[in-house]
Structure formats: C-alpha cells, structure tokens
Amino acid sequence: MKVPDYERDDPQNVEQLQTFLNEVAEATGVQANANLRPLIERMSRQVEFITQALSHRLTVGDNSNSDVRTVAFEQLVPKRIKPTVSGAVKEVRIRQTFPKGPFLMPRALDWATTGKGEIQVVVWWLVAPTVAIDVEIVIEGD
C-alpha cells in the first residue's frame, strides 16, 4: 500500500497530522511497537513548530537568541524595552513598518543599554510622521 503524501493546509490542524502519522504506522506495520509512540509525538511537535514558524514568517535568525517586537515610535521619542534575549544585547535593527510603504521607512535607529535587561531605542524619519508608526524591530543577544 502506498501512503499518500501529506500536506497541511491549516496550521492549527494537529489532529489531521496525528491521524496521518497513525495511518503511516498502520500501513508500515509498526504501530504495535511501544518505542514508536515517543518518536511520533516528537515528530508531531517538530512539524507543528516548523509550521508555526513558517506561518509567522519567522526565519532561522529569529530562532537564534533574538526577540521580535512591534513598538509604536514617534519621531525622536525614546522607548524603553525589556528584551527576552539571553546575555547582552548586541544588535537592534528594523525589520518592517506598519503601514508598509517606502516613505514610512525610518531613516535611522539608535539604541543604548539603560539598565539591567533594558534598552532604550530611538527612531527618526527624514520626514517625521504626524502619528506614532508601528515599527517591527529585531533585538539580537550575545
């Protein structure tokens, strides 16, 4: 019996994945093996993690001691942020802005460590926006 290829359409549908893995185990005749159950559960968690990461447009870099935050910035108004990275913060960069548009892309970003586990971030534009603009920043730790 050929097991059909599995493609997840809905990232929330874990039951469909479990059903598929059970069908594979049954088709291959190994469902009675007690050692297979932890393997299937681990594979299910890994596939769910990858699906969740892809559905949130995460990259490999997002998983390496970094924190992605969306903060509403005004022209030259400092914001204090407590990142969840381990170790000292080594880089803060802009990922994107909301609403999107090249004229809304900040001209520059400056940051400094202000206390234990806290940084201060300042953003400015060439033409200052009249309202606070949501900026998605990536904070990377050592």
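In what follows, the structure referred to is the one given above.
A brief look at the structure comes next. The model shown is predicted, which means the values in this text are computed figures rather than measured ones.

**Description of the overall build of the chain**
Point 1. Assigned secondary structure in the chain consists of two helices and six strands.
Point 2. In the chain, the succession of helices and strands from N to C terminus is α-α-β-β-β-β-β-β.
Point 3. By the burial criterion, 27% of the 142 residues in the chain qualify as buried.
Point 4. For the chain, contacts bridging at least 24 residues in sequence account for 64% of all contacts bridging at least 6.
Point 5. When the accessible surface of the chain is summed, it comes to about 9,700 Å², and 54% of that surface belongs to carbon and sulfur atoms.

**Notes on unusual backbone geometry**
Point 1. Positive phi outside glycine occurs at Leu 76, with the angle close to 60°.
Point 2. The topology assignment puts Leu 76 in the loop between strand 1 (66-73) and strand 2 (79-81).

**What about the sheet that holds strand 6 (residues 133-141)?**
Point 1. Reading across from one edge, 1-6-3 is the order of the three strands in this open sheet, with antiparallel pairing throughout. Because the sheet does not close on itself, it has two edges, and the strands there are strand 1 and strand 3 (89-98). On average, each strand axis in the sheet is inclined to that of its neighbour by 25°, with strand direction left out of account.
Point 2. Where strand 3 meets strand 6, eight bridges bridge the pair, whose relative direction is antiparallel. Counted as the bridge partner of Gln 96 is Glu 136 from strand 6.

**A word on the nonpolar core**
Point 1. Formed by 14 residues in total, the largest nonpolar core has its most connected members in Phe 73, Ile 81, Val 92, Ile 119, Val 121, Ile 137 and Ile 139.
Point 2. Among the elements of the structure, strand 1, strand 3, strand 5 (118-124) and strand 6 are those that each provide at least two residues to this core.
Point 3. Tallying contributions element by element places strand 6 first for this core, with four residues.
Point 4. Filtering out sequence-adjacent residues up to four positions away, Ile 119 remains in contact with Lys 79, Arg 80, Ile 81, Pro 83, Val 89, Val 92, Trp 111, Ala 112, Thr 113, Thr 114 and Ile 139.
Point 5. Within the second largest apolar cluster, five residues are counted, among which are Phe 20, Leu 21, Ala 25 and Ile 40.

**Considering the sheet that holds strand 2**
Point 1. Spatial ordering of the open sheet is given by 2-5-4, a layout of three strands whose pairing is antiparallel. Both edges of this open sheet fall to strand 2 and strand 4 (108-115), since each of them pairs with a single strand only. Each strand of the sheet is rotated relative to its neighbour by a mean of 30°, with strand direction disregarded.
Point 2. Relative to strand 5, strand 2 runs antiparallel, the two being bridged by three bridges. Within the sheet, the bridge partner assigned to Lys 79 lies in strand 5 and is Val 121.

**Notes on the pairing of strand 5**
Point 1. Here strand 5 lies mainly inside the structure; five of its seven residues are buried.
Point 2. Adjacent in sequence and paired antiparallel, strand 4 and strand 5 are bridged by two residues, among which Gly 117 carries a positive phi angle near 70°.

**Quick word on the pairing of strand 4**
For a regular strand, side chains alternate in direction, first toward one face of the sheet and then toward the other.
Point 1. Pairing between strand 4 and strand 5: seven bridges, direction antiparallel. Directly across from Trp 111, in strand 5, lies its bridge partner Val 121.

**A word on the environment of Ser 44**
Point 1. With respect to the helices, strands and loops of the structure, Ser 44 is situated in helix 2 (residues 36-55).
Point 2. Along the primary structure Ser 44 and Glu 15 are separated by 29 residues, whereas in three dimensions their C-alpha atoms are 9.9 Å apart.
Point 3. Ignoring anything within four residues of it in the chain, the contact list for Ser 44 reads Leu 17, Gln 18 and Leu 21.

Rules of the game
- Residues numbered from 1 in each chain as written.
- Predicted model: local features only at pLDDT ≥ 70, side-chain atom pairs only at ≥ 80, totals over all residues.
- Heavy atoms only, no water.
- Helix = DSSP H or I, 4+ residues; strand = E, 2+ residues; numbered from the N terminus.
- Buried < 20%, exposed > 50% of the residue type's maximum accessible area, 1.4 Å probe, protein only.
- Contact = heavy atoms within 4.5 Å.
- Areas by Shrake-Rupley, 256 points an atom, 1.4 Å probe, with all protein chains shown as cover.
- Pairing = 2+ DSSP bridges.
- Axes fitted to C-alpha atoms, helices over the stretch in contact; angles between N-to-C directions.
- Core = buried A, V, L, I, M, F, W, Y, C linked by side-chain atoms within 4.5 Å.

As far as function goes, none of this settles anything; it's purely spatial.
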